[in-house]
Structure formats: C-alpha cells, structure tokens
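Report on the structure
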Amino acid sequence: EAGVAQSPRYKIIEKRQSVAFWCNPISGHATLYWYQQILGQGPKLLIQFQNNGVVDDSQLPKDRFSAERLKGVDSTLKIQPAKLEDSAVYLCASGLYRAAVGSPLHFGNGTRLTVT
Amino acid sequence: GIQVEQSPPDLILQEGANSTLRCNFSDSVNNLQWFHQNPWGQLINLFYIPSGTKQNGRLSATTVATERYSLLYISSSQTTDSGVYFCAASRPSGNTPLVFGKGTRLSVIA
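Residues numbered from 1 in each chain as written. Chains lettered and ligands numbered in written order. Predicted model: local features only at pLDDT ≥ 70, side-chain atom pairs only at ≥ 80, totals over all residues. Heavy atoms only, no water.

Bringing the interface of chain A and chain B into the picture now. Taken residue by residue, the interface counts 21 residues in chain A and 19 residues in chain B. For the pair chain A and chain B, the two sides together bury roughly 1600 Å², of which 51% comes from carbon and sulfur. Between the two partners, chain A and chain B, sit zero salt bridges. Our count for the contact surface shared by chain A and chain B stands at six residue pairs in polar contact (both at pLDDT 80 or more). Those elements that provide at least two residues to the side of chain A that touches chain B are β4 (31–37), β5 (44–50), β6 (53–56) and β10 (105–107) of chain A. Looking at the side of chain A that touches chain B residue by residue, the classes come out as eleven nonpolar, seven polar and three charged. (Contact = heavy atoms within 4.5 Å. Buried area = accessible area lost by both parts, 1.4 Å probe. Salt bridge = Lys/Arg side-chain N within 4 Å of Asp/Glu carboxyl O. Polar contact = N/O pair within 3.5 Å; in protein donor to acceptor, adjacent residues only side chain to side chain. Helix = DSSP H or I, 4+ residues; strand = E, 2+ residues; numbered from the N terminus. Nonpolar A, V, L, I, M, F, W, Y, C, P; charged D, E, K, R; others polar.)

So, in structure tokens, the structure goes:
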C-alpha cells in the first residue's frame, strides 16, 4: 500500500512570507495529524483531524498557522506570516482508527522548512 | 498532559552488541508506540504496543502498563540501526494525541 505522501520535500522562505504544505494520507485512514519537529527534539503535535473535523488544535499557533482537511482526505498546513522560529520539519501522519481506539501511526517523509 | 521520558539520551554500540532502551510514562496509557527515525529523517513505526510483548526480527518490545514503562530491545545491532528511537504514548480519554519523548540517539559503529 502507498504510504503517506507529503510535498514539497524542502522549502526555503524569508520571514514574513507565507508557505503551504500538502499531505495525502494512506487510503482509508480516518485520522490525520500534523507534527512539528525542531532539530534535536521529538515531534510535537500541531493539529489532529478525525475525517474532516478538527479533534485537537490546542497547540496550533492560530495567529499564523492554519490547516484544513477537505473531504476527509488530503490536508494542507499553511503558515502566514512565517517567523524564524518556524524553521523545522513538518511531518504528516495518518492512522486507521480514531485516536481513542488507537492504531499504528504512519508518517510521511516530512517537509523541511528553513526561514531566513 | 502525559509526560514521556526516554533513557539513555545517547548510546554508542559496537556492531553485534545488544541494547535496551527505556520509556517511562506518567499516566495510564491505551496507546504506546515505538518509532525509528533514520539519519535521513524518516520516521518508521516499529511497534504498536500498549501492553505485552512483541517481536519483529532482531527487535522486540515489552510494555508493562501497570508499572508505566516500556522497553525496546535491539539484538545483534547493525550499522543500519543507527538513528533516533522515539517512544510515544497517549492516555485512554477522548481522542488525546500521541505525545513523543525526546528520543534515544543510537550510533552503531563497525
């Protein structure tokens, strides 16, 4: 089966510019997650979707970050305007079942963002 | 929220050696997973193991939920085992997401 697809692989922007990341989860997976991983740290959840509804966005900096999951499949994560501290790898993951039940999480290759 | 602590933070092994990585969590969990992040940054799911023991080749994992810890065993280590190993856990209430530890960085040298 195809894995989680993410694009672009790398992105370099200047501060105050905007950027968007795209994710296509594994077919049939109900839950989709966006994680931010800063160098040397573990991934930190930004937002969690169950089908096309938001389950948890408590750690999403909503003044600059936004995300949507149209039709319960693909998802986009946007940053506008970007700050230097947003430099990180943005990871998309999907899971078969809703989080309360629990199922293995599968990650895409991530998008490495550098803000200069 | 739940706290996840991993030890040791760094580990250097000679090829062929065995190792044990530990993950402690602060609350009861219904979801415990181990991941390997390779030097290219890709995160691979190794085990979904909220309780009990599982084995996959040279890797095995054990979670003792009542004592709030999980162990990952690597036997006969190979250079391709190098990378960062993450433990992630979530509590059994609502749709709480997985919380990741800081990882154990493993270097296997030939």
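Moving on from the model shown.
Residue and element names in this part refer to chain A. That bond from Ser7 to Pro8 is cis: its omega, -5 degrees, falls within 30 degrees of zero. As for its placement among the helices and strands, Pro8 is situated in the loop between β1 (5–7) and β2 (10–13). Residue Gln80 is joined to Pro81 through a cis peptide bond whose omega torsion reads -5 degrees. Inspection of the secondary structure assignment puts Pro81 in the loop between β8 (75–79) and β9 (88–95). Notably, Arg16 is not glycine yet its phi reads approximately 80 degrees, a positive angle.

Inspection of the entire model under this criterion finds nine aromatic pairs over all chains. Summarising the aromatic geometry, the rings of Phe21(A) and Tyr90(A) are spaced 5.0 Å apart at their centres and angled 25 degrees between planes, so their arrangement reads as stacked. Taken together, the residues Phe21(A) in strand β3 (residues 19–24) and Tyr90(A) in strand β9 connect sequence positions 69 residues apart. Both residues of the pair, Phe21(A) and Tyr90(A), count as buried. Ring centres of Phe35(B) and Phe100(B) lie 5.4 Å apart, and the angle between their planes is 35 degrees; this geometry places the pair in the tilted category. Highlighted residues: Phe35(B) in strand β4 (residues 31–37) and Phe100(B) in strand β10 (residues 99–100), separated in sequence by 65 residues. This pair shows no difference in class: Phe35(B) is buried, exactly as Phe100(B) is. An aromatic cluster of three or more residues is present, and its members are Tyr33(A), Tyr35(A), Phe107(A), Phe35(B), Phe86(B) and Phe100(B). Positioned over the ring face of Tyr10(A) is Arg9(A), at 5.6 Å from the centre of the ring. The ring centre of Tyr69(B) lies 4.3 Å from the NZ or CZ of Arg22(B), which sits over that ring. (Phe/Tyr/Trp six-rings, centres within 6.5 Å; stacked < 30°, edge-to-face > 60°. Buried < 20%, exposed > 50% of the residue type's maximum accessible area, 1.4 Å probe, protein only. Lys NZ or Arg CZ within 6 Å of the ring centre and 35° of its normal.)

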